[in-house]
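The residues making up each chain are set out below.
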Amino acid sequence: MNEVFDSAHAMGINEMASPAVLYGVLLVAALAVVATILVGHPISKVASPPLPAPSWSAYLPGGLMFQFYTAPHTLSDVLYAFRSTLGPSFRFRLGLRTLIVTCDPKDCSRIVGRPAEWRRPPAQDAVMNTIVPGGLFCVPRPDHAELRRKLRGVFGPAMLPGFWPAFQREMATMVERMERAHRGADGVVGHNDHGGHDGDVMGREVDLSTIFGSTTYGVIFNVAFGASYDEATMERMVEANKELLAAMIPDFIGYPVRHWKLLAPLRLRAPLIKATDTLRAHYGDLVDARTAETPAAAAARPADLLDVIIALGGDDREAVVSNALIFGSAGGATTAESSSWASFNIITHPGCAAAVVAELDAVVGPPGTPLQYDHIERLTYLRACWKESLRLTPPGVFFERVAVRDSVLHVDGRMVRAGTHVMAFNGATQRDPALWPHAEEFDPARWLPGGSAVAAGAAAASPGVFMPFSVGPENCAGTFLADFEGVLLLATLFHSYTCRLAVPAAAVRSVLGWSVRPGCDDPAGPPGNLRRGIPVLLQPRKVATAVDKEACC
């Protein structure tokens with residue numbers, strides 16, 4: 001995730017972006033350069049010595065910030081680079097606003113976990129009010145707290161056993177998708193897209209991220225929302241959601257410039273609005289079908305998450321649609337992206353992959369043995385791999401907030417005044433060598449019973465040491481579902497197939513949308529297009545025969 005910046009990376013994204021979008025981000029960059037040169041990096045109302053900051057040259061062609069403004073998806077890489085050169089606390093200009101960045105775990109947990117003291121920034125409110133007006137992320141804090149209180153009473157781990165039969169169907173469908181993809185349209189196994197035969201791993205390249213995306217959306221719609229969509233509709237939903245997430249970060253960074261009515265003819269926000277309209281139409285149809293349901297039909301099916309969302313929204317249809325979109329998008333995209341990163345980390349560490357397979361065979365049985373609900377909790381090593389991957393590649397690497405009142409940052413004792421924009425850089429905290437032994441290594445053993453996840457004495461730091469799904473009263477409501485489903489996806493994959501990356505590991509890059517997904521180039525597109533996720537080659541693991549089972553016994 002800390003890969004080095006290069007110009008080809010930025011150029012590839014420029015070729016994909018529309019001229020209007022590119023002009024918009026360049027306009028924001030130009031305004032930031034002018035402001036930086038004229039007034040430096042002012043921190044509103046902060047009476048403390050200046051923090052380290054990138055020089056004005058970073059905003060000019062060839063500089064990190066200039067490359068970031070031409071390719072907004074690289075922001076996480078830029079932040080990691082600044083953490084390495086500027087230290088655990090620094091400042092930089094994001095669009096027209098200046099942020100203080102802290103990597104201190106106590107600061108991170110306090111900034112994110114105390115919404116009464118640190119409010120959401122106007123940029124986030126503007127983006128969310130466009131996409132999900134009246135939804136959970138847009139209502140005033142007291143209303144948000146009340147909605148979450150009601151949600152906790154009906155949406156939690158207790159729902160999982162009832163969902164298990166539907167989970168099993170979705171996992172079977174996922175294996176069918178992988179089998180079709182790895183065989184190809186002609187159904188021939190034994191050759192791949194690299195040409196000829198491959199005696200080591202059979203089949204064509206399979207994009208795990210696409211497979212996982214279709215599956216996690218299937219879980220949301222078929223399991224949590226009780227709706228059955230055909231494959232083509234599901235693919236359109238996945239694609240629209242991918243476009244939405246990609247459009248959100250430029251809109252967030254470019255606030256308020258991209259939102260100025262004067263610039264409306266440039267259609268800078270067109271990708272965001274188009275994806276939003278597509279998804280709201282789908283979720284609206286879903287909500288309308290459920291609210292039109294007869295009492296007899298409702299009684300004939302189990303209650304699900306959509307029932308809860310409709311009950312929370314009352315008569316406000318737009319708020320109900322917004323909350324359905326929030327749970328659908330977050331539940332589908334975040335779990336798929338996190339599972340893709342976990343697969344990548346396991347595959348690129350052969351010893352870990354072997355241990356995962358050995359555990360699966362010991363707990364579940366030989367390949368072909370169906371996974372059962374109680375198996376998931378017993379897969380302790382695979383769960384450790386999931387947590388370690390969330391540490392290295394969390395779905396969200398930073399949270400921006402605004403100080404409601406004067407406050408002191410733990411990182412350096414700095415006083416920040418009310419109205420100051422602060423960024424909790426939890427991605428760097430989760431890779432801090434002072435907190436994590438061999439912090440840059442993928443080491444699942446640190447999460448096993450008897451292991452030491454964090455350095456001696458660091459455990460007392462705060463929950464901010466590890467917060468992949470946020471912390472506090474506004475943390476991810478579906479964390480329990482992501483943790484369960486992520487392990488289930490990985491178990492299904494590695495119990496069914498032996499996997500090998502189809503590209504060099506260095507070709508897989510981090511791509512920041514509203515969350516961080518893995519990406520690598522599609523050979524059919526220009527260099528740096530990053531359209532694919534994790535391309536792999538699959539070999540079905542041998543299904544145990546009656547003779548095999550007898551020999552084992």
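Structure: see above.
Residues numbered from 1 in each chain as written. Predicted model: local features only at pLDDT ≥ 70, side-chain atom pairs only at ≥ 80, totals over all residues. Heavy atoms only, no water.

### As for the layout of surface pockets
In this model, the second largest pocket occupies a volume close to 400 Å³. Around the second largest pocket sit 20 residues that line it, and Val175, Thr369, Thr492, His495 and Ser496 are the ones nearest its centre. Counting only elements with at least two residues in the lining of the second largest pocket, the list comes to helix 8 (160–183) and helix 19 (479–496). Of the residues forming the lining of the second largest pocket, the biggest block, 6 residues, is contributed by helix 8. For the lining of the second largest pocket, the per-class residue count stands at 12 nonpolar, 6 polar and 2 charged. (1 Å grid on protein atoms, 1.4 Å probe; cavity = no way out; pocket = protein on both sides within 12 Å on 5 of 7 lines; lining within 4 Å. Points joined across faces, edges and corners; volume = space filled by probe spheres on them. Helix = DSSP H or I, 4+ residues; strand = E, 2+ residues; numbered from the N terminus. Nonpolar A, V, L, I, M, F, W, Y, C, P; charged D, E, K, R; others polar.)

### Quick notes on empty space enclosed by the protein
Tallied over the entire structure, the rule returns 3 cavities of 30 Å³ or more. Here the largest cavity defines a volume of roughly 1,100 Å³. Top contributing element to the lining of the largest cavity by residue count: helix 14 (residues 317–347), with 8 residues. Here the residues of the lining of the largest cavity are counted per class, giving 29 nonpolar, 12 polar and 6 charged.

### What about helix 7 (residues 141–154)?
If you check helix 7, its first and last C-alpha atoms are 20 Å apart, about what 14 residues at 1.5 Å a residue would give, namely 20 Å. Here helix 7 has its buried residues at His144, Leu147, Arg148 and Leu151. For helix 7, the arc enclosing every buried residue in end-on projection is 100°, short of the 170-degree limit, so these residues lie on one face. Set apart from the buried face of helix 7 by more than 90 degrees, the exposed residues are Pro142 and Gly153. Each element contacted by the buried residues of helix 7 is listed here: helix 13 (305–313) and helix 14. (Expected span 1.5 Å × (residues − 1). Buried < 20%, exposed > 50% of the residue type's maximum accessible area, 1.4 Å probe, protein only. Arc of directions from axis to C-beta. Contact = heavy atoms within 4.5 Å.)

### Focus on the environment of Val320
Relative to the helices and strands, Val320 resides in helix 14. By relative accessible area, Val320 is classed as buried at 2%. On a C-alpha basis, the gap between Val320 and Val132 in space is 9.4 Å, while along the polypeptide they are 188 residues apart.

### Thoughts on the nonpolar core
Within the largest apolar cluster, 127 residues are counted, with the highest numbers of intra-cluster contacts made by Phe92, Phe225, Tyr283 and Phe398. It is helix 14 that contributes the most residues to this core, 13 residues altogether. For Phe398, the residues in contact, after removing those within four places along its chain, are Leu75, Leu79, Ile249, Phe252, Met423, Ala424, Phe425, Asn426 and Leu512. (Core = buried A, V, L, I, M, F, W, Y, C linked by side-chain atoms within 4.5 Å.)

### Structural notes on the packing of helix 15 (residues 350–363) against helix 17 (residues 380–392)
Packing of helix 15 against helix 17 leaves a shortest axis separation of 8 Å and a crossing angle of 140°. By the angle between their directions, the pair helix 15 and helix 17 is classed as oblique. Contacts between helix 15 and helix 17 involve Cys352, Ala355, Val356 and Glu359 on the former and, on the latter, Thr380, Tyr381, Leu382 and Cys385. Of the residues assigned to the contact of helix 15 with helix 17, the class counts are 6 nonpolar, 1 polar and 1 charged. (Axes fitted to C-alpha atoms, helices over the stretch in contact; angles between N-to-C directions. Parallel < 35°, antiparallel > 145°, perpendicular 65-115°, else oblique.)

### A short note on the packing of aromatic side chains
Summed over all chains, the structure comprises 21 aromatic pairs. With centroids separated by 4.9 Å and ring planes inclined at 70°, the aromatic side chains of Phe155 and Phe480 adopt a geometry described as edge-to-face. Taken together, the positions of Phe155 in the loop between helix 7 and helix 8 and Phe480 in helix 19 put the pair 325 residues apart, joining distant regions of the chain. Residue Phe480 is classed as buried on the basis of its relative accessible area of 16%. Taken together, Phe163, Trp164, Phe167, Tyr373 and Phe484 form an aromatic cluster joined through their ring pairs. A cation over a ring is seen here: Arg97 above Phe252, with NZ or CZ 4.8 Å from the ring centre. One cation-aromatic arrangement involves Arg431 over Tyr80; the distance from NZ or CZ to the ring centre is 5.4 Å. (Phe/Tyr/Trp six-rings, centres within 6.5 Å; stacked < 30°, edge-to-face > 60°. Lys NZ or Arg CZ within 6 Å of the ring centre and 35° of its normal.)

Keep in mind these values describe shape, not function.
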